[in-house]
Amino acid sequence: MPSRAYLAEVPADASCLRAVRAFAAAVLAKEQIDESERLVLALDEACANIVKHRCPTIEDGRICVRLELTDATLRFRIGGFCKPGDVPKVKPRDFADIRPGGLGTAFIGEIMDRVAFEPDPERGGAMELVMERARRSEDDV
Amino acid sequence: MTFDVSIERGTSGLAVVRVLGEVDLDTSPRLLGNLQDALRGGAGVVVDLAGVGYIDSSGVATLIQGLKLAGKTKARFALRDPSPRVRGVLELSRLTDLFEIEGAGGPTGG
């Protein structure tokens, strides 16, 4: 099956995170993707990080989510992320360290197979969350 | 589903904080305010999560803050009836042993 892509764009505001979750849940249901609840959580956490740390150079203050699917991978590409210099500030905490901060990034690391940041000085960069679908299927066997 | 929080205080002084809707970056500050109100001068809080369909890290962080706040006055802080989805997020955060949890999968020690 060829690759498919779905797009959503919302204001980088906490009140819009529900809309991002609804978009992702609908697409994942349509595509019959397993682990959809965990994937929605990972995407939500990444978008919440944008709301908290978004690049001030983005004038329109919007989050762009692109969900790409191939037989091998599921990829969330999330534009409007923070400045490259802010990336070290967005780090997971150790699960044994019981405090409120850093939990969302730890969730993303637990759920996704790869997380990458692609800097872009003009647009604030993009965050990519990747799940290897083929590997997950092999794990299920 | 609209987010809503209500507080019922029993004669024992224990407050039941009933949460309805989705707990995320947008709604968790309101939940924290309600937990602070409920813990003020009371014997403790039971957070009824039966009506919560979704929780993210900011929601879990709010529950941690509530637990720590209760700990300062040695007040009780428990969670009640988390849905499988909410319990899954608590398990992902590896905090199920930290909280006293009533119902929906059985009690755990707090």
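Up top you'll find the structure we're talking about.
Residues numbered from 1 in each chain as written. Chains lettered and ligands numbered in written order. Predicted model: local features only at pLDDT ≥ 70, side-chain atom pairs only at ≥ 80, totals over all residues. Heavy atoms only, no water.

1. Thoughts on the overall build of chain A
Here is step 1: On a plain count of helices and strands, chain A comes out with four helices and five strands.
Here is step 2: Helices and strands appear in chain A in the N-to-C order β-α-α-β-β-α-β-β-α.
Here is step 3: For chain A, with 141 residues in total, the buried portion stands at 46%.
Here is step 4: Total accessible area on chain A is roughly 7000 Å²; 51% of this is exposed by carbon and sulfur atoms. (Helix = DSSP H or I, 4+ residues; strand = E, 2+ residues; numbered from the N terminus. Buried < 20%, exposed > 50% of the residue type's maximum accessible area, 1.4 Å probe, protein only. Areas by Shrake-Rupley, 256 points an atom, 1.4 Å probe, with all protein chains shown as cover.)

2. What to know about the sheet that holds strand S3 (residues 73-79) of chain A
All names here are of chain A.
Here is step 1: Spatially, five strands are ordered S1-S2-S3-S5-S4 in an open sheet, and the strand pairing comes out antiparallel. Two strands in the sheet have a free side with no partner beyond their single neighbour: strand S1 (4-11) and strand S4 (114-118). Adjacent strand axes in the sheet meet at a mean angle of 15 degrees, parallel and antiparallel pairs treated alike.
Here is step 2: Looking at chain direction, S1 and strand S2 (residues 62-69) are connected through eight bridges and run antiparallel. In the sheet register, Ala-8 faces S2, and the bridge partner there is Val-65.
Here is step 3: Across the sheet, helix H1 (residues 17-30) is in contact with S1, S2 and S3; its angle to S1 comes to roughly 165 degrees.
Here is step 4: Where helix H2 (residues 36-53) meets the sheet, its contacts fall on S2, S3 and strand S5 (126-132), and the angle it forms with S3 comes to roughly 15 degrees. (Pairing = 2+ DSSP bridges. Axes fitted to C-alpha atoms, helices over the stretch in contact; angles between N-to-C directions. Contact = heavy atoms within 4.5 Å.)

3. Details of the interface of chain A and chain B
Here is step 1: With 24 residues of chain A in contact, the opposing surface of chain B contributes 22 residues.
Here is step 2: Together, the buried faces of chain A and chain B total about 2000 Å²; carbon and sulfur atoms form 61% of this surface.
Here is step 3: At the junction of chain A with chain B, the criterion picks out five salt bridges.
Here is step 4: B:Arg94 is paired through a salt bridge with A:Glu110; the nearest N and O atoms lie 3.0 Å apart.
Here is step 5: Among the secondary structure elements, those contributing two or more residues to the side of chain A that touches chain B are H1, H2 and helix H3 (103-111) of chain A. (Buried area = accessible area lost by both parts, 1.4 Å probe. Salt bridge = Lys/Arg side-chain N within 4 Å of Asp/Glu carboxyl O.)

4. Structural notes on the nonpolar core
Here is step 1: With 68 residues, the main nonpolar core has A:Ile78 and B:Val19 as its most contacted residues.
Here is step 2: Broken down by element, this core gets its largest block of residues, ten residues, from H2(A).
Here is step 3: Setting aside residues no more than four positions away along its own chain, A:Ile78 makes contact with A:Leu43, A:Ala46, A:Cys47, A:Ile50, A:Ile63, A:Cys64, A:Val65, A:Gly125, A:Ala126, A:Met127 and A:Leu129. (Core = buried A, V, L, I, M, F, W, Y, C linked by side-chain atoms within 4.5 Å.)

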